[in-house]
Amino acid sequence: MISLAEKRKEYQNRLVEKAKKTVIVVGMGTCGIAAGGDKVWQALENAVKNKNLDIELVYSGCIGLCYVEPIMEVHRPDMPRVIYGNVNGETALKILEEHALNGKVVSDLAVAQDPKEGKTVLPEIPILNEMPFYKKQVKTAIANCGIINPDSIEEYIAYGGYEALEKVLSSMSQTQVIEEVKKSGLRGRGGGGFPTGLKWEFAYKSPGDKKYVICNADEGDPGAFMDRSVLEGDPHAVLEGMAICGYAIGADEGYIYVRAEYPLAIKRLENAIAQAEKAGLLGENILGSGFNFKLRIKAGAGAFVCGEETALINSIEGKRGMPRVRPPFPAQSGLWNKPTNNNNVETYANIPGIIRKGADWFAGMGTEKSKGSKVFALTGKVNRTGLAEVPIGITIREIIFDIAGGIQNNKKFKAVQIGGPSGGCIPEEYLDTPVDYDSLTALGAMMGSGGLVVMDETTCMVDVARFFLNFTQKESCGKCTPCREGTKRMLEILNRICDGKGKPEDIDTLERLSNVIKSTALCGLGQSAPNPVLATLRYFRNEYEDHIHNKKCTAGVCTALLEYKIDPDKCKGCGACKKVCPVGAISGEKKEAHEIDAGKCIKCGSCIEKCKFDAIIKG
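Criteria and cut-off values
Residues numbered from 1 in each chain as written. Predicted model: local features only at pLDDT ≥ 70, side-chain atom pairs only at ≥ 80, totals over all residues. Heavy atoms only, no water. Domains from an automatic or database assignment. Contact = heavy atoms within 4.5 Å. Buried area = accessible area lost by both parts, 1.4 Å probe. Salt bridge = Lys/Arg side-chain N within 4 Å of Asp/Glu carboxyl O. Polar contact = N/O pair within 3.5 Å; in protein donor to acceptor, adjacent residues only side chain to side chain. Nonpolar A, V, L, I, M, F, W, Y, C, P; charged D, E, K, R; others polar. Helix = DSSP H or I, 4+ residues; strand = E, 2+ residues; numbered from the N terminus. Buried < 20%, exposed > 50% of the residue type's maximum accessible area, 1.4 Å probe, protein only. 1 Å grid on protein atoms, 1.4 Å probe; cavity = no way out; pocket = protein on both sides within 12 Å on 5 of 7 lines; lining within 4 Å. Points joined across faces, edges and corners; volume = space filled by probe spheres on them.

Caption draft 1: The domain arrangement of the protein, seen in detail. The domains assigned to the protein are domain 1 (14-130), domain 2 (153-364), domain 3 (373-456), domain 4 (461-550) and domain 5 (562-618). Placing the centre of domain 1 and that of domain 3 at their C-alpha centroids yields a distance of 31 Å. Contact residues are listed per partner, giving 4 residues for domain 1 and 5 residues for domain 3. Carbon and sulfur atoms make up 65% of the area that domain 1 and domain 3 hide from each other, which totals about 350 Å². Ranking the residues of domain 1 by area buried against domain 3 places Gly64, Cys66 and Tyr67 at the top, with a combined share of 88%. The tally of links from domain 1 across to domain 3 stands at 0 salt bridges. There are 2 residue pairs in polar contact (both at pLDDT 80 or more) connecting domain 1 and domain 3. Residue classes in the side of domain 1 that touches domain 3 are distributed as 3 nonpolar, 1 polar and no charged.

Caption draft 2: Here's a closer look at the environment of Ile617. One can find Ile617 in strand 18 (residues 616-618). Its relative accessible area of 43% is what places Ile617 among the partly exposed residues. Residues Ile617 and Tyr564 lie 53 residues apart in sequence; the distance between their C-alpha atoms is 5.7 Å. Leaving out residues up to four positions away in the same chain, Ile617 has contacts with Glu563, Tyr564, Lys565 and Asp567.

Caption draft 3: Structural view of the layout of surface pockets. Of the volumes computed, that of the second largest pocket is approximately 560 Å³. Looking at the second largest pocket, it is lined by 24 residues, and the ones nearest its centre are Ala19, His75, Arg81, Ile147 and Tyr159. When residues of the lining of the second largest pocket are traced back to their parent elements, those giving at least two are helix 1 (5-18), strand 1 (23-27), strand 2 (56-60) and strand 3 (72-75). The leading source of residues in the lining of the second largest pocket is strand 2, at 3 residues.

Following this line, the structure appears as structure tokens:
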């Protein structure tokens, strides 16, 4: 069998040579590009080219610090690596001139430094791994993201890539691979949390002359971007994990089902597959072992239901994306009615590390029943949004307050939505709950794929339930009546409550409908659709009662229940509110307290935004 050892050494030597010159890295994941990373890249590229500078300009995927994108790094051979944040074209050129060319760190733009041989550049610049954002993180699935060039198979191999595939092909039987994955305790990171090794074993034992491996990259939860970041930052890790799965279950073909809304991820996947085929790491007779494995990409149309594995399989087959009745399960009869294993991006990205470092290494992290680490997308009302990988078992409070930096504008924490639209909202009293599959389920939430949306005191929980139910109702494929009709009726009730027309019996009706849908819907997405309603009823029932009985939205969100007033003691009579009111509802003489005509007011909020004296009250 062909060994990668010599190639790996050659590529590692190239990295050593590369470190002898100045290198600038620009974060070019979707988050970086959306923030202006492409403009930073263009400015630097023009400068390096026009001035014929001896500087290597490269890009990486997301390093996790989305809250300070665009990001650029400077690596000088005589200095530690320095990361700069909130860069634009102009400041990038300043960093190029002062730091990259002349060795003077631009301290006011520096976010972190990575000490080199124990040496730092300036004491006031935070050490990367000691920053609150990183201090409690571990890196397994996203270890290479933001570190390597995602379009370079050479860098991936230099960092230990494809070593795990080489190991299983040269020295492990199919059952040994499956046992190693089972021993690691890895559970599916896509939502269900089913033991990965056990799933592989089912597909391995299913008889069939043809088997398939599928990667579910149809990431559809609002606020979730974990899988996209892995695909954009380290696509070879997913390919390697899928190839190992193919070997273990006896499959020679696989599909990556990724939504067309992720064009950069698709582009980098296409490039990675082409590179791996050229290097003999995908295709026929991989590394001379006799094992064949081909990969194809299927771009999905973005339907949420295609995150459900049987609907996804239908979509690959060219059919409408609708769930199938089970049994038979995909491991028995999946794609083209052949035994099929389906895991998500993060699950496969964990496999190379488990094989390379051993199951005990992975199982050494996490809790008794939930092993390893989990990647979360931190969004909502937190100070530090981004991508964080934490050991399972860390508390919700540690993620939100230590890593994400707490609530914006010193507002009070109200709840966190974990698990996407199928998850639940967890209130303040459970902030010290460990984040693991079973603890979250006990609270009425779920691990899900890793979307974590934080809400502050200005959030109306009835409106939140309406938002998520509106999403799941629109995304319902319509195949089964409980999901199609039940979620529609529930949404009608929630709309009525938010419009100030709630009835005393509405809460009981919502609970009854929720329980019927959970027990009768065809697929997991339908069964979990009522979760946000049940969770908010469980922890924020008083807000539903206020809306229905007192016609009051304490968070001041539901427009129909609001009334705008002007505090005469604070009003200076400046007239700013009067000028912006689109319906002429505000009256008053100059330098005298103004008034709002409740009959004319359309509650648009323009007056509050304009008032400099906090004189307008909403409630």
